[in-house]
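So the chains spell out like this:
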Amino acid sequence: MWKLKIVLPVLAALVIFLFAQVYLVRQVWMQKDEVFSLRYRSESKEAIREMAIYDPYNGFKKAYWVIDDVSSLYLQKSKNLRSSEDSALFAREIRESYTSILSEDQLLTEHLSKYFEKLGLESKIKSKIYVNYIDLIDIQENISVFRVSDEMLRKQSSQKSIPVYTFTSEGNNYKISFDYYIDVANKEAIMMKELSLTLIFSFISFVIILVIFIGTLKNFMEEKRLSNLKTDFINNMTHELKTPLSTITVAAKTLRHESVIHDRKKIMDTSNMISKQSVQLNELINLILEISMWERTQFQLDRKNTDIATVLREISDNFRNGCGNQCNYTERIEIKGAMAEIDILYFTTMINNLLNNALKYSGEDPEVTLHAYTRDKNIVIKVKDNGIGISRSDQKNIFDKFYRVSTGNIHKAKGLGLGLYYVKKIAEEHGGFIDVSSRKGKGSVFIVNIPLNI
Ligand code: ADP
């Protein structure tokens, strides 16, 4: 739940940032588009001005001539129009015909293309003509007989095309006004090229922000996890300390009881119990002190070249005796004569922790195996059990300080979540490492690797 509380605002912030980036890039794109159009428009105008010096018709001479010719025919036709529908159809016909004449019989587009090429601009262009109005004129009476107006044409303008110039022309039989547009090929690609730097910067800044966000989030989660672990640890420790303490308190009360004062055997039993619980208390406190010492100083190993088989056999014997009938214990020590530089005390603690856990986290009929062998200049020690097993997600954390697999509030097996942390540290201090292979409900194998002394 707390994870969601942190992740959601961060995600929201990221989405807002992403939208802001998209908005900014869009704005820049629109500005570039405007600048692009403006450039081609002003250069086109300059080219038209230049062309007008030697061609007052701007390359439309042939088109105007054809239109004049065609207009006299249309003029005749216009006199026979009966209804407004006829007029509308007629207007459309004229417009289409004039538009295609103006588009095809002209030299302006070619001139512009050459002009752009000279300037190093994109020379692949297409032109578009949009007629504003057409007047068919009766030359004898000098009046406009038919007008194809703006409204009749429902002028279409293109958003993509660049408006360049509005031309007007007058002949014997007609008057026309039309807009000349150009489309630059590869416009998007050209703009994209110009925009690439902005896009790259925008992308990089997004990635940086993303990395910072994720890093901060991870740190925060780790802090929170550690803080949760510490709370669990305090709860466990209180529980661990309380059990021997309450036994001692009850025992002290028992000793004061009238019926016990004269019973020597009961006094001895109770006093033994107090000593046992005191030893357990002491061990617990020592363990905590030792761990906190490790945190402050690098702990020093007193390493000696040791015959590992001998040490393992001693650990094994003690474990078997301690375990008694409680478990089925097997050992396979196949490392005769293998030597390694170890601190016997820490090494013993490490293997003992693994053996004790194997027993502690077992089911009905515990089966514990210790198997030692050598491989690739290493001594491999496997401690296997048929116990409760560890899920994959917990396997990642069990070597962390204070980590205990969650079993709700009730912990059947007592512990502080320090044993495996201790084991990992000792293995690493010996130049080795520890690994675990386990499946929930199917038992576990802890594998310690320690380098051989060859
Ligand atoms: P503790 O035993 O004090 O809880 P450890 O560091 O020794 O702490 O172990 C951490 C956790 O790993 C334990 O709480 C337990 O859930 C799990 N664990 C350790 N050894 C075994 C094992 N052999 N089988 C199943 N679970 C284990």
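Residues numbered from 1 in each chain as written. Predicted model: local features only at pLDDT ≥ 70, side-chain atom pairs only at ≥ 80, totals over all residues. Heavy atoms only, no water.

A. Quick look at the pattern of salt bridges. Here the structure, examined in full by the defined rule, presents 17 salt bridges. With a shortest N-O distance of 3.3 Å, lysine 114 and glutamate 110 are connected by a salt bridge. Here lysine 114 and its partner glutamate 110 are both found in helix 4 (residues 108-119), four residues apart, which amounts to about one turn of the helix. By relative accessible area, lysine 114 is classed as exposed at 51%. The class of glutamate 110 is partly exposed, set by a relative accessible area of 48%. For the salt bridge of lysine 424 with glutamate 428, the shortest nitrogen-to-oxygen distance reads 3.5 Å. Placement of both lysine 424 and glutamate 428 in helix 12 (residues 419-429) is noted, with a separation of four residues, approximately one turn of the helix. According to the relative accessible area criterion, glutamate 428 is partly exposed, its value standing at 43%. Among the charged side chains, a network of salt bridges with common partners joins Glu222, Arg225 and Asp400. (Salt bridge = Lys/Arg side-chain N within 4 Å of Asp/Glu carboxyl O. Helix = DSSP H or I, 4+ residues; strand = E, 2+ residues; numbered from the N terminus. Buried < 20%, exposed > 50% of the residue type's maximum accessible area, 1.4 Å probe, protein only.)

B. A look at the site of the ligand. If you check the shell around the ligand, you find 20 residues, and the closest are Asn357, Tyr361, Arg404, Leu416 and Leu420. In this structure, an oxygen atom belonging to the ligand sits 2.5 Å away from a side-chain N or O atom of arginine 404. Here an oxygen atom of the ligand sits 2.8 Å away from a polar atom, N or O, in the main chain of leucine 420. When isolated, the ligand has an accessible area of 520 Å², and the protein chains bury 96% of it. Counting only elements with at least two residues in the shell around the ligand, the list comes to helix 10 (344-360), helix 12 and strand 11 (444-451). (Near = heavy atom within 4 Å. Polar contact = N/O pair within 3.5 Å; in protein donor to acceptor, adjacent residues only side chain to side chain. Areas by Shrake-Rupley, 256 points an atom, 1.4 Å probe, with all protein chains shown as cover.)

C. Main features of helix 10. The end-to-end C-alpha separation of helix 10 is 24 Å, in line with the 24 Å expected for 17 residues at 1.5 Å each. For helix 10, every residue scored as buried is listed here: Tyr346, Phe347, Met350, Ile351, Asn353, Leu354, Leu355, Asn357, Ala358 and Leu359. Between the side-chain oxygen of the N-cap and the backbone nitrogen of leucine 345 there are 3.0 Å, and the N-cap of helix 10 in question is aspartate 343. (Expected span 1.5 Å × (residues − 1).)

D. Region of the structure containing a nonpolar patch on the surface. On the surface, Ile200, Phe203, Ile204, Val207, Ile208, Val211 and Ile212 cluster together to form a nonpolar patch covering roughly 640 Å² of accessible area. Inspection of the secondary structure assignment puts isoleucine 200 in helix 6 (residues 187-256). (Patch = residues over 30% accessible without salt bridge, like charges linked within 9 Å, V, L, I, M, F, W, Y side chains within 5 Å.)

E. Broad picture of the state of the cysteines. Within the structure shown, the criterion is met by one disulfide. Here cysteine 323 is linked by a disulfide to cysteine 327, with a sulfur-sulfur distance of 1.7 Å. The residues cysteine 323 and cysteine 327 share a single accessibility class, namely buried. (Disulfide = S-S within 2.5 Å.)

F. Up close: the sheet that holds strand 3 (residues 162-170). One open sheet holds the four strands; their spatial order is 2-1-4-3, and the pairing between them is antiparallel. Strands at the two margins of the open sheet, each flanked by one partner only, are strand 2 (143-148) and strand 3. If you compare each strand with its neighbour and ignore which way they point, the axes differ by 20 degrees on average. (Pairing = 2+ DSSP bridges. Axes fitted to C-alpha atoms, helices over the stretch in contact; angles between N-to-C directions.)

G. A look at the packing of helix 10 against helix 12. Packing of helix 10 against helix 12 leaves a shortest axis separation of 9 Å and a crossing angle of 140 degrees. With respect to helix 12, the axis of helix 10 lies oblique. Crossing handedness for the pair helix 10 and helix 12: left-handed. Residues Tyr346, Phe347, Thr349, Met350, Asn353, Leu354 and Asn357 of helix 10 touch helix 12, and the partners they reach there are Gly419, Leu420, Tyr422, Val423, Ile426 and Ala427. When grouped by side-chain class, the residues that make up the contact of helix 10 with helix 12 number nine nonpolar, four polar and no charged. (Parallel < 35°, antiparallel > 145°, perpendicular 65-115°, else oblique. Left-handed = near helix turned anticlockwise from the far one by under 90°. Contact = heavy atoms within 4.5 Å. Nonpolar A, V, L, I, M, F, W, Y, C, P; charged D, E, K, R; others polar.)

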